[in-house]
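Descriptive structure summary
The primary structure of each chain is shown beneath.
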Amino acid sequence: METSIFEDAVKAYAKHCERYGYIFSQPNEQLSMVGRKYVHLENTNGKLAKYEIATKKIITNDRKQA
């Protein structure tokens, strides 16, 4: 059974939270946005993270991007 891009993003976000000791907050599919390059994960508390589809990596607000 194939998973959606949103589900892949949520799984990657859960693993990211576990790896870095963050508290996982469940993203809401209706509040999140799936684009061509990124999935922007959000819930009622606001933005959670950005998932880069091509690399399957999570980008959070706490990391500065070069």
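As shown above, the structure is provided for reference.
Below you will find a few notes about this structure. (Residues numbered from 1 in each chain as written. Predicted model: local features only at pLDDT ≥ 70, side-chain atom pairs only at ≥ 80, totals over all residues. Heavy atoms only, no water.)

1. Observations regarding the sheet that holds strand β4 (residues 57-59)
Spatial strand order, β1-β2-β3-β4: four strands in an open sheet with antiparallel pairing. Across the chains shown, the open sheet's two edge strands, defined by having one partner strand only, are β1 (33-34) and β4. Strand direction decides the pairing type here: strand β2 (residues 38-43) and strand β3 (residues 46-52), joined by six bridges, are antiparallel. Note on β3: the bridge partner recorded for Tyr 38 is Glu 52. On top of the sheet, helix α1 (residues 5-20) reaches β1, β2, β3 and β4; it is set at about 70° to β2, its chief contact. (Pairing = 2+ DSSP bridges. Helix = DSSP H or I, 4+ residues; strand = E, 2+ residues; numbered from the N terminus. Contact = heavy atoms within 4.5 Å. Axes fitted to C-alpha atoms, helices over the stretch in contact; angles between N-to-C directions.)

2. Here's the deal with the environment of Thr 3
Within the fold, Thr 3 resides in the segment before α1. Here Thr 3 is in contact with Asp 8 and Lys 11, once residues within four sequence places are set aside. A distance of 2.4 Å separates the side chain of Thr 3 from the side chain of Asp 8, its partner in a polar contact. (Polar contact = N/O pair within 3.5 Å; in protein donor to acceptor, adjacent residues only side chain to side chain.)

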